[in-house]
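The chain contents come next:
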Amino acid sequence: MKLSGNTILITGGTSGIGRALAEALHKAGNQIIISGRRSNLLAEVTQANPGMQSVLLNVNDPASIAAVATEVTTRFPALNVLINNAGIMQIDDASGTVDDELLTSTITTNLYGPIRMTSALIEHLKRQPSATIINVSSALAFVPLAISALYSSTKAALHSYSLSLRYKLKDTSVSVLEIAPPWVQTDMLNSKDEPRAMPLATFIDETMAVLATDTDEVLVETAKPLRNNVGPNEFEFVVQLNDSLLQPQ
């Protein structure tokens, strides 16, 4: 992917991986538009990064997505990159009764959101000389974390959707990339100070380096063992991973 000269809309750009990626791409020479639901956080990020723009967006609301799609394509007709980053991750128990509100919110944010955003902008992107859709999934798409089964499942679905989207767009000007982060030190599940997680700055540096190559899947080194696990005997690896993560530190 060309790392400069783009006009990029990124969802969930006010914290964690979204903010860090937006700031790295901003420094690389791109017009960045971050989106999120809280105007105070949008203002905080844009004020810290002069030239960065923002738009209020609720990815759970189809009407909000439609309105933002119209707004950003009008304000930024050169928009050529969509990064579907917004997501939520919570603890659940697949072995018990599933909380329907948790189920609905997780699927709506993590799966419906990227699909709806892509649908709202796809015709605009196809009119650009060169465009890219980047879906941020997770290494847990390939090896689920059992205590967050819903999150893991939505990321597996997003991976599958990305493959279909890439195939359908293969003869157009739109490329489809997937970033599958490993465990990263962010506020998600209170992992900011978790020593077993990858430092956010290191993850962003490695991700930017891989983004600059000709690849469809953006994987840092620590994510590759999980990505490579998929196969007939994958459950054994799932057990090993979950047992190791649940052991007291």
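Bear in mind the structure is a predicted one, so any value in this text is a computation, not a measurement.

## Some thoughts on the layout of surface pockets
Of the pockets and cavities examined, the largest pocket occupies roughly 1,400 Å³. At the level of elements, helix H1 (16-27), strand S2 (31-36), helix H5 (149-168) and helix H8 (234-246) are the ones that each hand at least two residues to the lining of the largest pocket. Looking at the lining of the largest pocket residue by residue, the classes come out as 25 nonpolar, 18 polar and six charged. Considering the residues around the second largest pocket, the lining is formed by 14 residues, among which Met1, Lys2, Thr132, Ser175 and Leu177 are closest to the centre. Breaking the lining of the second largest pocket down by element, the ones donating at least two residues are strand S5 (131-136) and strand S6 (174-179). Looking at the lining of the second largest pocket residue by residue, the class counts come to four nonpolar, seven polar and three charged.

## Topic: the sheet that holds strand S7 (residues 217-218)
Spatially, the seven strands line up as an open sheet ordered S3-S2-S1-S4-S5-S6-S7, and their pairing is parallel. If you trace the sheet from one side to the other, it starts and ends with strand S3 (53-56) and S7, each paired once.

## Quick look at the pattern of salt bridges
This structure, assessed with the given rule, holds nine salt bridges. Arg19 is the partner of Glu44 in a salt bridge, and the nearest nitrogen-oxygen pair spans 3.2 Å. With a gap of 25 residues between them, Glu44 in helix H2 (residues 39-48) and Arg19 in helix H1 connect regions that are remote in the sequence. Among the ionic contacts, a cluster of salt bridges with common partners joins Arg19, Glu23 and Glu44.

## What about H1?
Helix length check: H1, at twelve residues, gives a terminal C-alpha distance of 17 Å against a target of 16 Å (1.5 Å per residue), a fit within 8%. Where burial is concerned, most of H1 is hidden: ten out of the twelve residues are buried. For H1, every residue scored as buried is listed here: Ile17, Gly18, Arg19, Ala20, Leu21, Ala22, Glu23, Ala24, Leu25 and His26. Looking at the packing, one finds that the buried side of H1 touches strand S1 (7-11), S2, H2, strand S4 (81-84), S6 and helix H6 (200-211). Among the residues trailing H1, Gly29 stands out with phi positive, at a value near 100°.

Procedures and definitions
- Residues numbered from 1 in each chain as written.
- Predicted model: local features only at pLDDT ≥ 70, side-chain atom pairs only at ≥ 80, totals over all residues.
- Heavy atoms only, no water.
- 1 Å grid on protein atoms, 1.4 Å probe; cavity = no way out; pocket = protein on both sides within 12 Å on 5 of 7 lines; lining within 4 Å.
- Points joined across faces, edges and corners; volume = space filled by probe spheres on them.
- Helix = DSSP H or I, 4+ residues; strand = E, 2+ residues; numbered from the N terminus.
- Nonpolar A, V, L, I, M, F, W, Y, C, P; charged D, E, K, R; others polar.
- Pairing = 2+ DSSP bridges.
- Salt bridge = Lys/Arg side-chain N within 4 Å of Asp/Glu carboxyl O.
- Expected span 1.5 Å × (residues − 1).
- Buried < 20%, exposed > 50% of the residue type's maximum accessible area, 1.4 Å probe, protein only.
- Contact = heavy atoms within 4.5 Å.

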